Amino acid sequence: MPKYLREIFKAATKYGFTIHTGPISQHLKGQMPAWHNIFSTKPRLDNLPQSQCPRSTHKIQLLEDSWLTIYTDGSCLENGTDEAKCRSGIWFGQGDPRNTALHCPGPTQSNQVGELYAIAWIAKTTDKHTPLRIKSDSKYVINGLTTYLQEWEDHGWIGINNKELFQATAAVLRLREAPTVLLWVKGHAGDIGNEEADKLVKEGANKTPPDNNDIVPNDNTILLGAKLCTMTQAKLYKGIKASKQTPFCCKAMINVERIKCSIKELTGHTPQDSAVWKSIHNKDISHNICSYLWKTIHHAYKCGEWWQQIPGYEHRADCPQCQVPESMEHILLECDSNARTIIWKLAQQMWELKGEEWPDLSWGTVLGIIISEFAHLIWKLRCERCIEYEDNADKFHSPLEIKRRWLGTMNRRLALDCTLTNSHKYGKRAINKHLVITTWSQIIKDERSLPKDWFKQSGVLVGIG
Ligand SMILES: [Zn+2]
């Protein structure tokens, strides 16, 4: 065995993975170690060529008029939220009783799932000896099942969205005895089949989703694991991370639920958990704010109860001003401190200048990205009071100082936004200048006397406070 392989086997044992080799056919022996599959939870039954592609051996004489053309479409209501409902439409022809509207099963509901499920359903339910032409307007699904399929399978589907449904669809397509052709049609461009499939999709919303995902075929037809010879160190690392479950953090889950409820109250829609996590890693939020939000959601800050375990510092568990047990929630939403009241007042003033309605402050809105900069400032000032000034009220920040700190925060953010509009310097990471103008107009000082491209100038300041 070559040395590098021995190293990989050693690492796999260390991380608790088994490398399955399975019986190797004479034909494939020359390609070793191409068929060492890792990350697979079950040993593959065999590595014979026909199990790689069951369709490669069929020989059927086809008549041109025996082809069946089917149009598919998929869409999702309230995509990206917990209320998302994805549907598929399958159209065989005008007045054809086989025309179907489906409500897709499964925990993931998105446009792509709707498009993909339609194809899986066709492959599963139509006669497997009839050659099919499936016409879809989803390039994502067609490319995924054709151009990228081999690569994704070789890489063990590491980091691929909707991988279970893709795997199942590829497997049911391979079980067909007659050829299947996937064709792309431009959506909403007057193609009658596409328009009819789209109409069917809308009906799917009223259907009850199937209890279980019945399109998933027998496990033996799904390729498991990643091909060792296609792996890079980065891919392996991603695979290890994906297969190790992150420990469940109960407090964080509660906080995420609270944020979701607040957003539902404000907008009427409940975002998915992933959308909440994604929003705190948004490129528009600076790194220290991201880290502040992450730690707050995970209750990882040294405040309240945390101090009770530190001998000699137990008194810090209570808020010195309000004499109640302290928590991040108290600091941001309830505390009588000047810092909290002044900062929120200034933020509200700024908000109203923009003609926006100031939201009711709750745990969710505070941690929502919009006002997280201010929440972070309140926390920083609280840390200075508690740790640097040791709760000595004589040294506390004066209202004027608090205003200056607030202005400083806003001016730094404004300067950063202006710098980030430079697309020569930041390329794709640069932010849209129109977004900067609409965000900051009415808030900046002497706006009327500034040139139109004020964001290119240095020294533009916030004009409130
Ligand atoms: Zn307090």
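None of these values were measured; they are calculated from a predicted model. (Residues numbered from 1 in each chain as written. Predicted model: local features only at pLDDT ≥ 70, side-chain atom pairs only at ≥ 80, totals over all residues.)

Peer 1: Sorry, what's going on with the overall build of the protein here?
Peer 2: A tally of regular secondary structure across the protein gives 20 helices and seven strands. The burial tally for the protein puts 29% of its 465 residues in the buried class. Within the protein, contacts between residues separated by at least 24 positions form 67% of all contacts whose residues are at least 6 apart in sequence. (Helix = DSSP H or I, 4+ residues; strand = E, 2+ residues; numbered from the N terminus. Buried ≥ 20, exposed ≤ 12 C-beta atoms within 10 Å, placed from the backbone. Contact = placed C-beta atoms within 7 Å.)

Peer 1: Honestly, the packing of helix H4 (residues 111–125) against helix H7 (residues 163–174) in this entry has me stumped. Any pointers?
Peer 2: Two numbers describe a pair of packed helices, the interaxial angle and the distance between the axes. Remark: H4 packs on H7, axes separated minimally by 9 Å, with the N-to-C direction vectors making an angle of 25 degrees. Taken together, the axes of H4 and H7 lie roughly parallel to each other. When the axes of H4 and H7 are compared, the crossing they make is left-handed. Residue-level contacts link Val 113, Leu 116, Tyr 117, Ile 119, Ala 120, Ala 123 and Lys 124 of H4 to Leu 165, Phe 166, Ala 168, Thr 169, Val 172 and Leu 173 of H7. (Axes fitted to C-alpha atoms, helices over the stretch in contact; angles between N-to-C directions. Parallel < 35°, antiparallel > 145°, perpendicular 65-115°, else oblique. Left-handed = near helix turned anticlockwise from the far one by under 90°.)

Peer 1: Please clarify how H4 should be interpreted in this entry.
Peer 2: A turn of α-helix holds 3.6 residues, and therefore any two residues three or four places apart point the same way. If you check H4, its first and last C-alpha atoms are 22 Å apart, about what 15 residues at 1.5 Å a residue would give, namely 21 Å. Within H4, 12 of the 15 residues are buried, which leaves it mostly tucked inside the rest of the structure. When we look at burial in H4, the residues that qualify are Gln 112, Val 113, Gly 114, Glu 115, Leu 116, Tyr 117, Ala 118, Ile 119, Ala 120, Trp 121, Ile 122 and Ala 123. (Expected span 1.5 Å × (residues − 1).)

Peer 1: Please clarify how the nonpolar core should be interpreted in this entry.
Peer 2: Taken as a class, soluble globular proteins show a tendency for nonpolar side chains to be buried jointly. Grouped together as the largest cluster of nonpolar side chains are 31 residues, with contacts concentrated most on Ile 90, Leu 116, Tyr 117, Ile 119, Ala 120 and Ile 122. Those elements giving two or more residues to this core turn out to be strand S2 (68–77), strand S3 (85–91), H4, strand S5 (132–136), helix H5 (139–145), H7 and helix H8 (192–204). With 28 residues, the next largest nonpolar core counts Ile 280, Phe 374, Leu 381 and Met 410 among its residues. (Core = buried A, V, L, I, M, F, W, Y, C linked by C-beta atoms within 7 Å.)

Peer 1: Can you walk me through helix H10 (residues 250–267) in this structure?
Peer 2: Taking 1.5 Å per residue as the helical rise, H10 with its 18 residues ought to reach 26 Å, and the 26 Å between its terminal C-alpha atoms agrees with that figure. Residues of H10 that are buried: Asn 255, Ile 259, Lys 260, Ser 262 and Ile 263. Projection of H10 onto a plane perpendicular to its axis shows the buried side chains occupying an angular sector of 165 degrees, all on one side. Counted as exposed and oriented over 90 degrees from the buried face of H10: Cys 250, Met 253 and Ile 254. (Arc of directions from axis to C-beta.)

Peer 1: What's the story with the pairing of S5 in this structure? I'm lost.
Peer 2: Along any regular strand the residues' side chains alternate between the sheet's two faces. Across the five residues of S5, four count as buried, placing the element largely inside the fold. In terms of strand pairing, S2 meets S5 through five bridges, oriented parallel. Counted as the bridge partner of Tyr 71 is Lys 135 from S5. Direction of pairing for S5 relative to strand S6 (residues 180–184): parallel, over a ladder of five bridges. Following the sheet pairing, Ile 134 is matched in S6 by Leu 182. (Pairing = 2+ DSSP bridges.)

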